[in-house]
Every structure is written in C-alpha cells, then in structure tokens.
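Now for the letters of each chain:
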Amino acid sequence: MLKVGIIGASGYTGVELARILSTHPEVELTVATSRQYAGKPLSEVFPNLRKRVDLVCQNLGPEELVDRADFFFAAVPHKTAMDLVPILLKAGKKVVDLSADFRIRDPAVYEEWYQPHSSAEFIEEAVYGLPELYRDQVKGARLTANPGCYPTSITLGLAPLLREGLIDPAGLIIDSKSGTSGAGRSAAVGTLFCEVTDGFRAYKVGGDHRHIPEIEQELSVLAGMPVTISFTPHLLPISRGILSTMYAPLNNEISTTTEAEIQELYEQTYADEPFVRVCPAGSFPVTQHVRGSNCCDIGIKVDARTNRIIVMSAIDNIVKGASGQAVQNMNLMNGFKETCGLMGAPFFP
C-alpha cells in the first residue's frame, strides 16, 4: 500500500482527495494537514467522511511530513507550494501539486501573472498533468503540476482541432461558466448564498484571469504556434461544475471539412480515453451529467452561416478539474491502473 499525505486537507480539493482516496484499493491515507483545524478529526470538519476517514488534522511543517508518507498531494495556494514542494522532492518523495506554482513553463510568465518564484529551478522538471496529452511523461515524473479547472475543460475541448489545423487559433473566443466551489472555501462576500443564488455574472473580464497564460501555453503547444485567446469566466449559482463554450473560425484552407468528419475526429481521438466522453452528434454536454465524476464530456456543432465551430466541454471542477485528475496522475506516477478509484458514475440528479 502506498502511504499518501494530503497537505491542505481543509479546502474543497482536500476533502475531495480524501473522499476519493478513502476507497482507493492501492493507497493508505496516513496524514492530512490543516493549520485551521489542527487537532480535529477530518470527519468532524467534513461530516461526509464519517466512518470513511479517521485521520486527525495536524499542523506539520514539511520536514515533519517527510516520514509520514511516500507520496504527497499539495492542495495549498500558490506561493505556499513553491516553498514546500522542493523539500519533499529532496527527501525522495513524489508530489502532485494542485497549485499554479509549477504549471507555467516560463518563470517570467509565471511572475508576470502571480509573484516572484522561489523555486524556479524545479519548473523545468515538472510535468503538466493532463494525462490525455502527457500520459507518458506523467508516468516517469516525480513532480506533476496538476492543471487548473478551466484549462482542463478548454484544452481537452480544443485539442483535436488544433492538432489537425482545422481552426484559425487567432479567432478563438472562450466563455467558461463555473460553480462557486471554484472560488475555494474561504468566506467571501462574492460567494455568499444571497450574492450568488438566482444570479449569473461574469468576472475577471478583459483578460484578467490567471488561468489565461496556462490555457495559452497548452493551446500553443497543440497549435505549433503562439495562441492568444479572448477568455471570459462566469460564476454559476451551483456548487460544482464547469461548462466551457469555445468559438473558433474554421480554417479556410480546409473549409470543406464537414461536421460529421469533425465528429468522427473527436470520437477517434478520445476512443481509448477512459474519462473523455464525446457526446453523440446533435447532443451537447450538461454539467449535471459529469457531477462527482472524473469525466469530461465534449460536444461539437458547426455553424455554417458564420464558418465557425462551437465546442462545448463539461467537467466537475473539483474532480476532473482538480482532485480526481490529481489521483489519475498519482495512479500513473506509481504504476497503478490509471482508472483506479475513479470509475464511479456521475451523480444524478
């Protein structure tokens, strides 16, 4: 059994990790940290874990953690991770980092959008943990940078088109809508019930969202050229789920490609992917149909009148957008079956 620790267990990604790992047949959850809830059972902080997880939250430094587990999930904010992860790596541990600290390959770009990086020497070895694109690299990694939730839904949605050069990336417009859990568990006026329910609003409008450089980085790799996007995130009055809608002009040089051919391209691309489900022609993703699962549902529609393709992608932002994908990466990094612990069907209704 692999001994696993969760650093930062008191947030939504932390509790989701604990929930998934509690039934994982190959691991033993041996430590969970939280400064806020130190000394309290994790199942008292999150009663959904009663009779599933019996750990008590501890406030431990990285030097104290290294003897408690062999594999760690760093479910902590950016800046915190960059100081913590190198200590774990130097102690011979493997890590999946759920923050943004090791996702951006260019340290200068990271520092432009976040803050100075204290461990930039580890960025080059970090593998971007989107298994559908980087599976072989993840298998050999000791540090995997778990992707952000918006970038996961967007990159999986656009990958087949960009690889085949079927769209003009210069015209990409992306709207994404997320449940309020994407803002984290800390109390804030903007995510209070009365502020969110019965409403729908955009935020970080005009190129301000910190996921933009990560999205552009991965789309540029797929396109083989620099990609700049127009991206507007929105807040939905639901607890979990992301629906990304992407509008892209079809490449005029390949404009004879039909919707049926593009549908077939998506089905072939993701035929062997256990967690990507291409919707049948004429049907589209719904957030309720991926809730609680590690699935990404994708649907496409060609708008012949405007010569654009519309791609829709739905994930659960806490599972495939965070903790589920982190466990998927852990499985790959340790030689487990990739789907281990993650094949539960989505919750519905």
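Scroll up to find the structure.
These notes cover the structure that comes with them. (Residues numbered from 1 in each chain as written. Predicted model: local features only at pLDDT ≥ 70, side-chain atom pairs only at ≥ 80, totals over all residues. Heavy atoms only, no water.)

**With respect to the pattern of salt bridges**
Reasoning step 1: Enumeration over the complete set of coordinates arrives at 13 salt bridges.
Reasoning step 2: When the shortest N-O distance is used, the salt bridge between Arg240 and Asp316 registers 2.9 Å. Note that Arg240 is positioned in the loop between strand E9 (230-235) and strand E10 (242-249) and Asp316 in the loop between strand E13 (308-315) and helix H11 (319-333), a separation of 76 residues in sequence. Neither residue differs from the other here; Arg240 and Asp316 are each classed as buried.
Reasoning step 3: For Glu259, the salt bridge identified is with Lys301, shortest N-O distance 3.8 Å. Within this pair, whereas Glu259 is found in helix H10 (residues 259-269), its partner Lys301 is found in strand E12 (residues 296-303), the two being separated by 42 residues in sequence.
Reasoning step 4: Because the salt bridges share partners, they merge into one network encompassing Glu16, Arg19, Arg240 and Asp316. (Salt bridge = Lys/Arg side-chain N within 4 Å of Asp/Glu carboxyl O. Helix = DSSP H or I, 4+ residues; strand = E, 2+ residues; numbered from the N terminus. Buried < 20%, exposed > 50% of the residue type's maximum accessible area, 1.4 Å probe, protein only.)

**Concerning the side chain of Ser34**
Reasoning step 1: Take Ser34: it is sitting in the loop between strand E2 (27-33) and helix H2 (42-45).
Reasoning step 2: Within the structure, the side chain of Ser34 is placed 3.3 Å from the side chain of Ser10, a separation counted as a polar contact.
Reasoning step 3: In this structure, Ser34 is in contact with Ser10, Cys57, Gln58 and Asn59, ignoring residues within four places of it in sequence. (Polar contact = N/O pair within 3.5 Å; in protein donor to acceptor, adjacent residues only side chain to side chain. Contact = heavy atoms within 4.5 Å.)

**Focus on the sheet that holds E2**
Reasoning step 1: Reading across the sheet, the six strands line up as E2-E1-E3-E4-E6-E5 and stay open at both edges, with parallel pairing between neighbours. Two strands bound the open sheet, and with one partner strand each, they are E2 and strand E5 (127-128).
Reasoning step 2: Sheet topology note: the strand E1 (residues 2-7)/E2 ladder contains six bridges and is parallel. If you follow Ile7 over to E2, its bridge partner there is Thr33.
Reasoning step 3: Along the sheet face, helix H4 (residues 80-90) touches E1, strand E3 (71-74), strand E4 (94-97) and strand E6 (143-145) and points at about 160° away from the line of E4. (Pairing = 2+ DSSP bridges. Axes fitted to C-alpha atoms, helices over the stretch in contact; angles between N-to-C directions.)

Note that every value here comes from positions in space, so none of it alone points to a role or purpose.
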